[in-house]
Amino acid sequence: ENSFSMSTLHWINDVLMALFFLVVGLEIKRDMLIGELSSPKKASFPIIAALGGMIVPAILYLSVNQSHPTGFGVPMATDIAFALGILMLLGKRVSLSLKVFLVTLAVVDDLGAIVVVAIFYTSELHYDFLLYSVLTYFILMIFNYFNLVRVMPYLFIGIFLWIFIHSSGIHSTIAGILLAFVIPLKAKNTTVEEIEEHNSKSPLLRVENALHNFSAFIIMPVFAFANAGVELDFASVVENKTIVLGVFLGLLIGKPIGILASTYLASKFKISEKPSNVTWNEIVAVGFLAGIGFTMSIFISVLAFDDPHIVSAVKIGIFASSISAAIIGVFLLIILGKKETQKEFLEGLNDK
């Protein structure tokens, strides 16, 4: 069976998502080098949030499903695109720090989900292709080491990286993240200040800017449209109610609890540091947005269950919990945004 005779859906998922992850990976790399995540204590905060947001939903799922444990990965994932799309729609109500927190959390979360997929849901790994992937990545690292600033060679070799990772049996979206991490932020002898003034001096920002709108306005809608095909088979929900309940509880309740608890403990014990302009209330709100599993969860559910009836039941659970989580998250952020404006208004009065 040739791995290139893929269905359109498969192509959309694997090619477009790799590009999407490339953009997100570039954003994170930039933040780790010159932005919000530049110190280990700050960078560890969203990572700990993501781990909490994966472990608690998985435990919640398993607590009601000893008989179908394979589905534990379904409520672990966050749909970066949708969660971030909602934050973007809220515009000025949401601080940049909160956006960075959510993006990093969601990426770590998705990488975690991909690792879970690779370990628990990948039928067989082809080690020859895995070796080719490593060698290809080594070439990219050499480019980076010698500070090659032209973007095309990275993208060209990146295509081979994608092909080899795809053929190895690991989910190919990871190629996007890996590629992002080798594209240099700055050309030799340029300073961060120069980069902030002239984006053209930064290979990383050139690629990010070129792909950003394509990613947001083309990849996401196409991806959502292609994956939303679901025959709403409510009879199957009743038959598989504990599985659906496990997924629903995992995404809607497990995510915010896991994210809040893990970050609260981590900052209490000084393991990591909450961004100064993000409140705990906002973290709860983002915790709910992280419960939007949608495409990523659907992707895992197809791998986790062989029975199409279970898959269609789980899809309904994913839709229900994702929509509920989105509504609660948006509601909380709007209320918090209003409180913030009232606070600014009162402070303004006091200043006068």
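As the structure is a prediction and not an experimental result, all values here were calculated from the model.

Moving on, we come to the environment of V222. Here V222 is to be found in helix α9 (residues 203–227). On a C-alpha basis, the gap between V222 and L9 in space is 9.9 Å, while along the polypeptide they are 213 residues apart. Other than its neighbours up to four places away in sequence, V222 contacts I12 and L16.

The next subject is the pattern of salt bridges. All told, the structure shown has two salt bridges when counted by the stated rule. Linking K255 and D109 is a salt bridge whose minimum nitrogen-to-oxygen distance equals 2.6 Å. Separated by 146 residues along the polypeptide, K255 in helix α11 (residues 241–268) and D109 in helix α4 (residues 96–121) bring together distant segments of the chain. Judged on exposure class, the residue K255 and its partner D109 are both buried.

Turning to the environment of I298, a few remarks are in order. Tracing the sequence through the fold places I298 in helix α13 (residues 294–304). The buried category is assigned to I298, whose relative accessible area is 3%. A sequence separation of 13 residues divides I298 from V311, and the C-alpha atoms of the two residues are 8.3 Å apart.

With that settled, the discussion passes to the side chain of S202. Counting through the fold element by element, S202 comes out in the loop between α8 (192–197) and α9. For S202, a relative accessible area of 0% puts it in the buried group. A polar atom in the side chain of S202 sits 3.1 Å from the backbone nitrogen of L205.

This part is about the packing of aromatic side chains. What describes a pair of aromatic rings is the distance from one ring centre to the other and the angle between the planes of the rings. Across all of its chains, the model carries 13 aromatic pairs by this definition. Note on F294 and F319: the rings are 5.3 Å apart at their centroids and 50° apart in plane angle, and the pair reads as tilted. In this pair, F294 sits in helix α13 while F319 sits in helix α14 (residues 308–351), placing the two residues 25 residues apart along the sequence. F319 sits in the buried class, given a relative accessible area of 15%. A connected cluster of aromatic rings, assembled from ring pairs, spans F129, Y132, F156, F160 and F164.

Our next topic: the side chain of E282. Tracing the chain through its elements places E282 in helix α12 (residues 280–289). Buried within the structure, E282 lacks any salt-bridge partner; its nearest side chain of opposite charge belongs to K274, at an N-O separation of 7.4 Å. Among residues more than four places away in sequence, those in contact with E282 are L98, N277 and L336.

It is worth spelling out the packing of helix α3 (residues 80–90) against α14 at this point. Relative orientation of the contacting elements α3 and α14 amounts to 30°, with a least axis distance of 11 Å. In terms of orientation, α3 lies roughly parallel with respect to α14. As for how α3 packs across α14, the hand of that crossing is right-handed. Of the residues in α14, those touching α3 at I86, L87 and L90 are A326, V330, L333 and I334.

Turning to the confidence of the model for the protein, a few remarks are in order. When the pLDDT values of the protein are averaged, the result is 85; 89% of them are 70 or greater. Mean pLDDT per element in the protein: α8 is the minimum at 64, and α11 is the maximum at 97. Long-range and interchain partners of residues 1–5, a stretch whose pLDDT sits below 50, account for four contacts in this model, where long-range means more than four residues apart.

Glancing now at unusual backbone geometry. Backbone geometry places N147, a non-glycine residue, at a positive phi of 55°. Phi is positive for K270, which is not a glycine, with a value near 60°. Take K270: it is sitting in the loop between α11 and α12. K270 gets classed as exposed once you look at its relative accessible area, which sits at 60%.

Attention shifts here to the nonpolar core. One finds F101 and F305 to be the most contacted residues of the largest nonpolar core, which totals 85 residues. No other element matches the twelve residues that α4 contributes to this core. The residues touching F305, leaving out its near neighbours within four places in the chain, are Y61, H68, T70, G71, V74, I243, I310, V311 and V314.

What counts, and where the lines are drawn
- Residues numbered from 1 in each chain as written.
- Predicted model: local features only at pLDDT ≥ 70, side-chain atom pairs only at ≥ 80, totals over all residues.
- Heavy atoms only, no water.
- Helix = DSSP H or I, 4+ residues; strand = E, 2+ residues; numbered from the N terminus.
- Contact = heavy atoms within 4.5 Å.
- Salt bridge = Lys/Arg side-chain N within 4 Å of Asp/Glu carboxyl O.
- Buried < 20%, exposed > 50% of the residue type's maximum accessible area, 1.4 Å probe, protein only.
- Polar contact = N/O pair within 3.5 Å; in protein donor to acceptor, adjacent residues only side chain to side chain.
- Phe/Tyr/Trp six-rings, centres within 6.5 Å; stacked < 30°, edge-to-face > 60°.
- Lys, Arg positive; Asp, Glu negative; His and termini not counted.
- Axes fitted to C-alpha atoms, helices over the stretch in contact; angles between N-to-C directions.
- Parallel < 35°, antiparallel > 145°, perpendicular 65-115°, else oblique.
- Left-handed = near helix turned anticlockwise from the far one by under 90°.
- pLDDT = per-residue confidence, 0-100.
- Core = buried A, V, L, I, M, F, W, Y, C linked by side-chain atoms within 4.5 Å.

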